Amino acid sequence: LAARRHVRVARAMIADSASTADDLVAFLGAPRERVHVVHLGVDADLAPAAPDAVRALRTRLGLPPNAEVVVHVGTRQPRKNLPRLIEALAHIARERPDAVLVLAGRRGWGNEDLGAVARRAGVGDRVAMVDYVDRADLPALFGLACVVAVPSLHEGFGLPLLEAMACGAPVVAARASSLPEVGGDAVAWFDPHDVTDMATVIARLMGDADDRDRLTAAGRARAATFTWRRCVDATRTVLEGAAQPLPRRR
């Protein structure tokens, strides 16, 4: 109810993606001309981690040296689509016996028992759930990933995808909501509702070092275009426009 009122009275609205702008118009009736898209940025100090930091984090997490790690970063909640990612791991493990999945992030809303999902899928010993990861450890976490997976059914923007690219990780993601807008051609895409497609795309990338290198280079280049300076400048432009006096009414 509050959001609908804000949309009705606001002179201007800032959406962090065109996908979110479309949602504001479609679901809350926002006037299109008042909605401005301003993409978020990625912190300039997020960059590939040193090999020693990656090895140290691998040891702390108890991951075997030969493990092929798929990493997901984000709060665990239904829209993140993690049960399907776990089921995809079960498909992948048949061909890649060293594949493991690290789910990093606190538990959010919802009552999903991801441990039970993993046990039912036969990969209970291949899924590691890690609580909140300190920001200082993010580059190393992305660095130990063979692939970073973002299977979300919906994202307003998708900052972890951008952060993973900035840290030099090859990324696979759902072709859904704002994610293609952020990832562009620097990400391998799959259908988030299709476990087989998800598993196929992830496994293909895990087995193709050249494609991983290509996505790593493309991802870093694309992430470099999402700066906080650009975000600040665009936000200021919207605020200055909204601060102009309205035309006098008779």
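See the structure printed just above.
Source: prediction; values computed, not measured.

Asks: Honestly, the pairing of strand E4 (residues 99–104) in this entry has me stumped. Any pointers?
Replies: A regular strand places its side chains on the two faces of the sheet in alternate fashion. Counting buried positions along E4 yields 6 of 6 residues, so the element is predominantly enclosed. The pairing of strand E3 (residues 68–73) with E4 spans 6 bridges and is parallel. Within E4, the position partnered with Glu 68 by the bridge is Ala 99. Examined bridge by bridge, E4 and strand E5 (residues 127–130) share 4 bridges and lie parallel to one another. What sits directly across from Val 102, in E5, is Ala 128.

Asks: Can you help me understand helix H2 (residues 18–28) in this one?
Replies: Think of an α-helix as 3.6 residues a turn; residues three or four steps apart then line up on the same face. Within the sequence span of H2, burial applies to Ser 19, Thr 20, Ala 21 and Leu 24. For H2, the elements touching its buried residues are helix H1 (2–9), strand E1 (13–15), strand E2 (35–37) and helix H8 (179–183). One or two residues past the end of H2 sits Gly 29, with phi positive at roughly 70°.

Asks: What's the story with the layout of surface pockets in this structure? I'm lost.
Replies: Of the volumes computed, that of the largest pocket is approximately 230 Å³. A per-element tally of the lining of the largest pocket places helix H7 (residues 159–166) first, with 3 residues. Partitioned by chemical class, the residues of the lining of the largest pocket number 8 nonpolar, 2 polar and 4 charged. In this model, the second largest pocket occupies a volume close to 180 Å³. Along the wall of the second largest pocket there are 14 residues; nearest its centre are Ala 49, Val 54, Phe 142, Gly 143 and Leu 144. If you list the elements that add at least two residues to the lining of the second largest pocket, you get helix H3 (51–60) and helix H6 (138–143). Sort the elements by how many residues they give to the lining of the second largest pocket and H3 lands first, with 4 residues.

Asks: Teacher, can you tell me more about the sheet that holds E3 here?
Replies: Two strands in a sheet stick together by hydrogen bonds in their backbones, pointing the same way (parallel) or opposite ways (antiparallel). An order of E5-E4-E3-E6-E7-E8 is seen for the 6 strands of this open sheet, with the pairing classed as parallel. In this open sheet, the two edge strands, each paired with only one partner strand, are E5 and strand E8 (188–190). Across the sheet, the mean angle from the axis of one strand to that of its neighbour is 25°, orientation sign disregarded. For E3 and strand E6 (residues 147–150), the ladder comprises 2 bridges, and the chain directions are parallel. The partner of Val 70 across the bridge, within E6, is Val 147.

Asks: What is the right way to look at the pattern of salt bridges in this model?
Replies: Close approach of charged atoms allows side chains with opposite charge to pair. Following the criterion strictly, the structure yields 11 salt bridges and no others. Here the residues in one salt-bridge network are Asp 43, Asp 45 and Arg 135, joined through shared partners.

Asks: For this particular structure, what's the right way to read the side chain of Asn 81?
Replies: Tracing the backbone shows Asn 81 in the loop between E3 and helix H4 (82–95). Of the polar contacts made by the side chain of Asn 81, one reaches the side chain of Arg 84; its length is 2.8 Å. Not counting residues up to four positions away in its chain, the partners in contact with Asn 81 are Pro 151, Ser 152, Leu 153, Pro 192 and Met 198.

Asks: Please clarify how the packing of H1 against H2 should be interpreted in this entry.
Replies: Working note: a packed helix pair is described by the angle between its axes plus the distance between those axes. Two elements in contact, H1 and H2, have axes whose closest approach is 11 Å; the angle formed by their N-to-C orientations is 105°. Taken together, H1 and H2 sit at an angle that is classed as roughly perpendicular. Along its contact with H1, which presents Ala 3, Arg 4 and Val 7, the element H2 presents Leu 24, Phe 27 and Leu 28. Tallied by class, residues from the contact of H1 with H2 come to 5 nonpolar, no polar and 1 charged.

Conventions used here
Per chain, residues are indexed from 1 in the order of the written sequence. With the structure being a predicted model, the display of local features is reserved for residues of pLDDT at least 70 and the display and counting of side-chain atom pairs for 80 or more, all residues being used for whole-chain, interface and lining totals. To obtain the side-chain values, all non-hydrogen atoms of the structure were included, while hydrogens and water were left out. For each residue, the accessible area found with a 1.4 Å probe, counting protein chains only, is set against the maximum for its type, and the residue is called buried under 20%, exposed over 50%, and partly exposed in between. Each helix is a run of DSSP H or I of at least 4 residues and each strand a run of E of at least 2, with the numbering of both proceeding from the N terminus. The criterion for strand pairing is that DSSP finds at least two bridges linking the strands in question. The contact definition used throughout considers only heavy atoms, calling two residues in contact when any of these lie within 4.5 Å. The definitions used throughout rest on a 1 Å grid laid over the protein atoms alone, on which a cavity is an enclosed set of points accommodating a 1.4 Å probe that cannot get out and a pocket is an open set flanked by protein within 12 Å on both sides along at least five of seven lines; lining residues are those having an atom within 4 Å of a point. Grid points are joined across faces, edges and corners, and a volume is the space filled by probe spheres set on the points. When residues are grouped by polarity, Ala, Val, Leu, Ile, Met, Phe, Trp, Tyr, Cys and Pro land in nonpolar, Asp, Glu, Lys and Arg in charged, and all others, Gly among them, in polar. Here, axes are lines fitted to C-alpha atoms. For helices the fit covers the stretch in contact, and angles between N-to-C directions go from 0 to 180 degrees. For this analysis, a salt bridge means a side-chain nitrogen from Lys or Arg found within 4 Å of a carboxyl oxygen belonging to Asp or Glu. For the purposes of these results, a polar contact is taken to be a pair of N or O atoms within 3.5 Å, where, inside protein, one atom must be able to donate a hydrogen and its partner to accept one; residues adjacent in sequence count only when each atom of the pair is a side-chain atom. Here the angle decides the label: under 35 degrees means roughly parallel, over 145 means roughly antiparallel, 65 to 115 means roughly perpendicular, and every other value means oblique.

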